[in-house]
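Here's the letter readout for the chains.
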Amino acid sequence: SSPHLVQVRERIRINGQPISKDLFNKYFWLVYNRLEETKDPVHASMPAYFRFLTIMAFHVFLQEKVDLAVVEVGIGGTYDCTNIIREPVVCGVSSLGIDHTSILGDTMEKIAWQKGGIFKPGVPAFTVAQPERPLEVLRERAQELKVSWWWGCGWGLPHGGGLSLLSLQCPLYLCPELDDFEEGCRALELGLAGAHQRSNAALALQLARMWLQRRSCQGKAGGWGQGARRPRAPEVSVGCLSCLGLGELKEVPPSTELVGRPVPLAPAFRLTDAMIQGLRDTEWLGRTQVLSHGPVTWYLDGAHTTSSIQACVRWFRQAALNQDKPHDGSEVRVLLFNATGDRDTAALLKLLVPCHFDYAVFCPNFTEVSVANNADQQNFNVTLENALTRCLENQRTWTRLLEEKVGQDPWLPPPLRVGGLLQPAPTRGSLLLVPPRPLNSPALVFPCLAQALRWVAQGRDPHLAAPAALGAHPHPAASSGAVLLREAAAVHVLVTGSLHLVGGVLRLLDPALSQ
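The structure presented is a predicted model; accordingly, all values stated were derived computationally and were not measured.

**A word on the pattern of salt bridges**
Logical step 1: Following the criterion strictly, the structure yields 11 salt bridges and no others.
Logical step 2: A salt bridge links Arg-343 to Asp-99, with the nearest nitrogen and oxygen atoms 2.9 Å apart. Neither Arg-343 nor Asp-99 differs from the other in exposure class; each is buried.
Logical step 3: Residues participating in the shared-partner salt-bridge network are Arg-133, Glu-136 and Glu-140.

So this is what it looks like as structure tokens:
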């Protein structure tokens, strides 16, 4: 999978755990030296970073004799270096979004065409609900993969048998809603928060079931039969898929019918207890993750597209709403944001405005100004100067968005919109923290994550050191904001916009992840 959050070893997992440092070191140098010895003298360069890790991952899986390999595409599908498996067990395409437009195209249809490039003749594929036209593109990609096989017996023999032409295409199915798996009104509990994870769970169930059916058939038939020219699919044991059991995989009629869709709906099926437990126990760091550190609560989500930011906003508003409210109302909300690549940061930030943040903090994905001791999170494609320039642009964009919002925000009654920070609360007769929303909501830029997090936490998170002298930051809001952050009963911090940003934050908040 990619990218990693804290350590590069996260990309290659066996039984759900990143491979050990010793194993990573062993296979890294084995692959590196082999490539060095055999490379073309004319084209002497080594594979790029992601390509090298992909080669290494396949080598690890083969050498460690895994049972099943789950391979996540890096970017797109058609031309991605992971797309070299000729005959996988099954393929899946999750919810489409606009991302990596300079490589994949600037429309959902173009991106759907790229994603459909992982389909293979005769290999079942599943997808989730998509907009109509991109779904049609996926169907067309599946149908155009027709291949003809001559099938018969007795090739070259005097008593040869019959001969037939078998035409295969990629059978593509739409996953039923997760509701269709919830028998008898028993709601499934997901380990990953957010309504958008329900479609991911439905897709995961279909992919897992295909593997279980394939394994069951192989076990009963003793393989593909003598002389069959069908290779065994590359297989890494992930989670507890090999323990789910097959006894209860009985199909039940779907509760909804596919109307006006170009792709047939796959049937729902009865879930085993192990499947239900698997959904409940699923963990994936950096996605709708909550860390409660005393009065400071960190909400981490690596959303970086418009659709995923929308899902992130829905999750954050609900999650923050469910937190116990301080009795004096002194709650401060902080946004920590960065985006990389060719993403439209203005469009992403606009979606975050309704969360009513008291402060917006922008900083590069570097944990420290000096990255000498953090090799796994170095990015040689961008300089600190360029990253800070983009942060300053994001700061200006956020300020402009808030200025445009003046007069349109119903969150506060008009008299309180541009008032002071502390005003009497009419209902309680006590002081109520009224954040300067939206007119004076400040946006700050820090040169690295460590400085940004220390300012936000103000020494109240035991995992972070107290901030340096407040005069170090030139923005006047840094000192006044520090007072509010120190005195607030609750501080809610949303970290989003980049998985690399989330990874850097996790490295600082949970040092155990670096071990």
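**Section: the confidence of the model for the chain**
Logical step 1: Taken residue by residue, the chain gives an average pLDDT of 81. The fraction at 70 or more is 76%.
Logical step 2: Here residues 148-165 scores under 50 on pLDDT; set against residues more than four positions off or in separate chains, the count is 22 contacts.
Logical step 3: Under a pLDDT of 50 for its full length, residues 221-260 has, in the predicted model, 81 contacts with residues more than four places off or in other chains.

**With respect to the sheet that holds strand E3 (residues 91-93)**
Logical step 1: With parallel pairing, three strands are arranged side by side in an open sheet as E3-E4-E7. Each of the sheet's edge strands pairs with one partner strand only, and the pair in question is E3 and strand E7 (172-174). Each neighbouring strand pair of the sheet contributes to a mean axis angle of 25°, computed without reference to strand direction.
Logical step 2: Both strand E4 (residues 125-127) and E7 contribute to a ladder of three bridges, which runs parallel. By the bridge assignment, Thr-127 is partnered in E7 with Leu-174.

**Section: the nonpolar core**
Logical step 1: Counting 39 residues, the largest nonpolar core has Trp-298, Val-334, Leu-336, Leu-453, Trp-455 and Val-495 as the members making the most contacts within it.
Logical step 2: Contributions of two or more residues to this core are made by strand E11 (296-300), strand E12 (331-337), strand E13 (359-362), helix H11 (449-457), helix H12 (476-487), strand E17 (490-496) and helix H13 (499-509).
Logical step 3: Leave out the neighbours within four places in its chain, and Val-495 touches Trp-298, Tyr-299, Leu-300, Asp-301, Leu-336, Leu-501, Val-502 and Val-505.
Logical step 4: Membership of the second largest hydrophobic core comes to 27 residues, among which are Ala-303, Ile-309, Phe-316 and Val-445.

**Things to note about the pairing of E17**
Logical step 1: A large share of E17 lies buried, amounting to seven of its seven residues.
Logical step 2: Taking every second residue as pointing to the same face, both faces of E17 are buried, with Ala-490, His-492, Leu-494 and Thr-496 on one and Val-491, Val-493 and Val-495 on the other.
Logical step 3: Note: E11 against E17, five bridges, orientation parallel. Paired with Trp-298 across the strands is Val-493, a residue of E17.
Logical step 4: Two elements, E12 and E17, share seven bridges in a ladder whose sense is parallel. Counted as the bridge partner of Val-332 is Val-491 from E17.

**Considerations on the environment of Ala-347**
Logical step 1: Locating Ala-347 in the fold gives a position in helix H9 (residues 345-352).
Logical step 2: The class for Ala-347 is partly exposed, based on a relative accessible area of 26%.
Logical step 3: With 41 residues separating them along the chain, Ala-347 and Thr-306 place their C-alpha atoms 7.1 Å apart.

**Observations regarding the sheet that holds E17**
Logical step 1: With mixed pairing, the six strands of this open sheet are ordered in space as E10-E11-E17-E12-E13-E16. For this open sheet the edge positions go to strand E10 (289-293) and strand E16 (443-445), each flanked by a neighbour on one side alone. Ignoring which end each strand starts from, the neighbouring axes of this sheet average 20° apart.

**Some details on the packing of aromatic side chains**
Logical step 1: Considering all chains together, one arrives at 16 aromatic pairs under this definition.
Logical step 2: Considering the side-chain rings of Phe-24 and Phe-28, the 6.3 Å spacing of their centres and the 20° angle between planes classify their relative orientation as stacked. Pair noted here: Phe-24 and Phe-28 are both in helix H1 (residues 21-38), with a separation of four residues, about one helical turn.
Logical step 3: Taken together, the aromatic side chains of Phe-24, Phe-28, Trp-29, Tyr-32 and Phe-52 make up a single cluster linked through ring pairs.
Logical step 4: The ring centre of Trp-113 lies 3.8 Å from the NZ or CZ of Arg-141, which sits over that ring.

**Considerations on the packing of H9 against helix H10 (residues 384-405)**
Think of two packed helices as two axes; the pair is described by the angle between the axes and how far apart they sit.
Logical step 1: It is at 10 Å that the axes of H9 and H10 come closest, and there the two elements cross at 45°. One finds that H9 runs oblique with respect to H10. For the pair H9 and H10, the crossing hand works out as right-handed. Contacts between H9 and H10 involve Thr-345, Ala-346, Leu-349, Lys-350 and Leu-352 from the former and Arg-390, Asn-394, Thr-397, Trp-398, Arg-400 and Leu-401 from the latter.
Logical step 2: Its residues assigned to classes, the contact of H9 with H10 shows five nonpolar, three polar and three charged.

**Considerations on the pairing of E12**
Logical step 1: For E12, the tally of buried residues reaches seven of seven residues, placing the bulk of the element in the interior.
Logical step 2: Here E12 shows two buried faces, one formed by Glu-331, Arg-333, Leu-335 and Phe-337 and the other by Val-332, Val-334 and Leu-336.
Logical step 3: Both E12 and E13 contribute to a ladder of four bridges, which runs parallel. Paired with Val-334 across the two strands is Tyr-359, which belongs to E13.
Logical step 4: Viewed along the sheet, the connection from E12 through H9 into E13 turns out right-handed.

**What about the side chain of His-4?**
Logical step 1: The topology assignment puts His-4 in the segment before strand E1 (13-14).
Logical step 2: Residue class for His-4 comes out buried when judged on its relative accessible area of 6%.
Logical step 3: Polar contacts involving the side chain of His-4 include one to the side chain of Arg-11, which spans 2.9 Å.

**Here we look at H9**
Logical step 1: Where H9 is concerned, the buried positions are Thr-345, Leu-348, Leu-349 and Leu-352. Buried residues of H9, seen end-on, are gathered within an arc of 95° and therefore sit on one face of the element.
Logical step 2: Buried positions along H9 lie against helix H8 (306-322), E12, E13, H10 and E17.

About the criteria used
Residues numbered from 1 in each chain as written. Predicted model: local features only at pLDDT ≥ 70, side-chain atom pairs only at ≥ 80, totals over all residues. Heavy atoms only, no water. Salt bridge = Lys/Arg side-chain N within 4 Å of Asp/Glu carboxyl O. Buried < 20%, exposed > 50% of the residue type's maximum accessible area, 1.4 Å probe, protein only. pLDDT = per-residue confidence, 0-100. Contact = heavy atoms within 4.5 Å. Pairing = 2+ DSSP bridges. Helix = DSSP H or I, 4+ residues; strand = E, 2+ residues; numbered from the N terminus. Axes fitted to C-alpha atoms, helices over the stretch in contact; angles between N-to-C directions. Core = buried A, V, L, I, M, F, W, Y, C linked by side-chain atoms within 4.5 Å. Phe/Tyr/Trp six-rings, centres within 6.5 Å; stacked < 30°, edge-to-face > 60°. Lys NZ or Arg CZ within 6 Å of the ring centre and 35° of its normal. Parallel < 35°, antiparallel > 145°, perpendicular 65-115°, else oblique. Left-handed = near helix turned anticlockwise from the far one by under 90°. Nonpolar A, V, L, I, M, F, W, Y, C, P; charged D, E, K, R; others polar. Right-handed = clockwise from strand over helix to strand, strands pointing away. Polar contact = N/O pair within 3.5 Å; in protein donor to acceptor, adjacent residues only side chain to side chain. Arc of directions from axis to C-beta.

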